[in-house]
Amino acid sequence: MQEEFKIILFLCNWGPHVAYQTLQDQRAEIPLEIQMVRIPCSGRITKALLFKPFEMGADGVILMGCTPGSCRYGTGTEAARQNTADTRKILNLTGLGENRLELATFLPDKSEALLNFITSFVARIRKMGKSPVTPRPMLQAQDITEDNSEAIVARHDVFACQDCGKCTSACPLALAGKPYSPRFVATEIIAGRANTPEVLSMVNACLTCGTCYERCPSAVNFPEFIKDMRGYYHGRELTGTPAHGGFFQSMMRAMTSEKLVPQPWQNLPESIRTGRQGPVLFYGGCAAYFDIFFGRFLKVRTRRIIEDSLRLLNFFDVEPAVLENERCCGHDLLWSGDRENFLRLARLNADAIAASRAEELITACPECAHTLGTEYAKHGVELPVKITHIHEFLEREIDKGAVAFKPMGLSMAFQDSCRQSRFNGQAALPRKLLQHLCNDESHLVKSDAASPCCGNCAWTGCDAFSKAMQVQRLEGIGQSGSQVLITACPKCQIHLQCAMDDVVRGNDLKTEMMDLTSAIAKSIYWE
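Cut-off values and rules
- Residues numbered from 1 in each chain as written.
- Predicted model: local features only at pLDDT ≥ 70, side-chain atom pairs only at ≥ 80, totals over all residues.
- Heavy atoms only, no water.
- Helix = DSSP H or I, 4+ residues; strand = E, 2+ residues; numbered from the N terminus.
- Rg over C-alpha atoms; globule rule 2.2 N^0.38 Å.
- Buried < 20%, exposed > 50% of the residue type's maximum accessible area, 1.4 Å probe, protein only.
- Contact = heavy atoms within 4.5 Å.
- Areas by Shrake-Rupley, 256 points an atom, 1.4 Å probe, with all protein chains shown as cover.
- Expected span 1.5 Å × (residues − 1).
- Phe/Tyr/Trp six-rings, centres within 6.5 Å; stacked < 30°, edge-to-face > 60°.
- Core = buried A, V, L, I, M, F, W, Y, C linked by side-chain atoms within 4.5 Å.

J.: Break down the overall build of the protein chain for me, citing the residues and quoting the values.
T.: On a plain count of helices and strands, the protein chain comes out with 24 helices and 13 strands. For the protein chain, whose C-alpha radius of gyration is 25 Å, the value lies close to the compact-globule estimate of 24 Å for 527 residues. Judged by the C-alpha coordinates and their principal axes, the protein chain covers about 75 × 60 × 50 Å. Here the protein chain, with 527 residues, has 57% of them falling under the buried criterion. Put simply, of all contacts in the protein chain between residues at least 6 apart along the chain, 81% involve residues at least 24 apart. About 22,500 Å² of surface is accessible on the protein chain, with carbon and sulfur atoms providing 49% of the total.

Encoded structure:
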């Protein structure tokens, strides 16, 4: 029996649509695999929209627009070119392959050339074979705990809320001016009004940074409560819309397919030594995907954090193994409410990690460290390795002595990761490492308290108020006289860089940023 293929054609409403309509009028033999979606302009199809069909099981995608210079909106063709180029790179990393996506441009009178292109593309996809991504149904009932809001309230003892308002008075969103209140959310859900638009909006807006939990006299773990409420909403299809069109959640759901073989370790510098097996396994996370997605307009280079972590492991004579088909840890799926696909990813990762026979897993991403080290076990997925953040490894090795540091000679501010500081209680650890980079204590802006959240988590709740938080943070750093902002999470770099790129105030907010791991890699040497 011949396999059925599905190819999505995003067809611009102008020039190429006229050519395509001519083919239909002539009853030309358009391949049956083609499923046409008419669009206003090729430039409107974002990276998220280009990737979404693959998550849903498409074997190939064509974006068809106007030839350069003939776009009715001026920049549509160029935007389509950039989005397609970036998405093709990401398709390579995910293991789908760039040749499953193509951009083509046509004038209205080029119907024959258009048909030849489509026919050729279909033949290419047939030769490549079916997509390894298989959309899956929801998990079976025995794998899912069907919570209602009353059960979630009881599990987190939200009844203990004293209505004191300390959570709201400390909430960074509320302090940025957003009409947002953790106390209001708790009160409304206790009262049985969980499904009102206002409560749903607030639950999806929460940063889950943990500041409210730190201040709560009744120890109500509000972030965990929010996480479970998002799961409750997701099961009822009441979820909000993640930032960036939900691209990263879409990519992670695609990674739950067992046949997909991601290739995240492409183009590592030759000087970095890694292996296939050994007692230490390094887990990179999503930085390579972030750089492609954001690199064109934010110029972020978060993959340097991975490379510098590997250099530091090599510096201490550790040649770590890496998972050649490493998948995302699932953090963003879990915290945006998609527990079903989080569990699928977790189980695939657990199998791969167990097969590596490693004894210790080291990661530079605080979200990966928290997810692998805490959330997996909490959700019944056991890992047979010790989970270590790179900062813990560095402290352990540096304390053995025989190393020294070239002082940076700059006044530094530090941006905490919420997962490392508030969730894992390690706010002091990066500050201890920072002291090695200072030739005297005056070079470090001192603060034992964790810094405010960077304004976003799991790509949810990004709005003008989270932008205001980022601006306030950068203004405070500028006023402190700090010359460089040291970060501990790739997402903090992305979010704060986004604020710095403000077309109106960007020059006032510009601050040099460097990850702590990269700063140490740049400064450390053997005595």
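J.: Account for helix α16 (residues 339-356), with residues named and values stated.
T.: The end-to-end C-alpha separation of α16 is 25 Å, in line with the 26 Å expected for 18 residues at 1.5 Å each. Backbone geometry just downstream of α16 places Arg357 in the positive-phi region, at approximately 60 degrees.

J.: Explain the environment of Thr371 residue by residue, including any values.
T.: By the secondary structure assignment, Thr371 is in helix α17 (residues 366-378). For Thr371, a relative accessible area of 0% puts it in the buried group. The sequence separation of Thr371 and Gly330 amounts to 41 residues, and the corresponding C-alpha distance is 7.7 Å. Excluding its chain neighbours within four sequence positions, the residues that come into contact with Thr371 are Cys329, His331, Phe342 and Tyr376.

J.: Lay out the packing of aromatic side chains in plain terms, naming residues and giving numbers.
T.: Note on aromatic pairs: each is described by the distance of the centres and the angle between the planes. In the structure shown here, the tally under the stated rule is 23 aromatic pairs. A centroid spacing of 4.8 Å and a plane angle of 20 degrees characterise the contact between Phe248 and Trp459, whose relative ring orientation is stacked. Residue Phe248 is located in helix α12 (residues 247-254), and its partner Trp459 is located in the loop between α20 (428-435) and α21 (464-480); the two are separated by 211 residues in the primary sequence. Given the relative accessible area of 1%, Trp459 is considered buried. In textbook terms, an aromatic cluster arises when at least three aromatic residues are bridged by ring pairs, as seen for Phe51, Phe54, Phe247, Phe248, Phe290, Phe293, Phe294, Phe297 and Trp459.

J.: An account of the nonpolar core is requested, with residue identities and associated values reported.
T.: Phe248, Phe294 and Leu372 are the most contacted members of the largest nonpolar core, which totals 64 residues. A per-element tally of this core places helix α13 (residues 287-298) first, with 7 residues. With residues up to four places along the chain from it excluded, the contact list for Phe248 reads Phe290, Phe293, Phe294 and Trp459. Listed in part, the 36 residues of the second largest apolar core include Ile272, Phe393, Ala488 and Met514.

What is shown is where atoms sit, not what they do.
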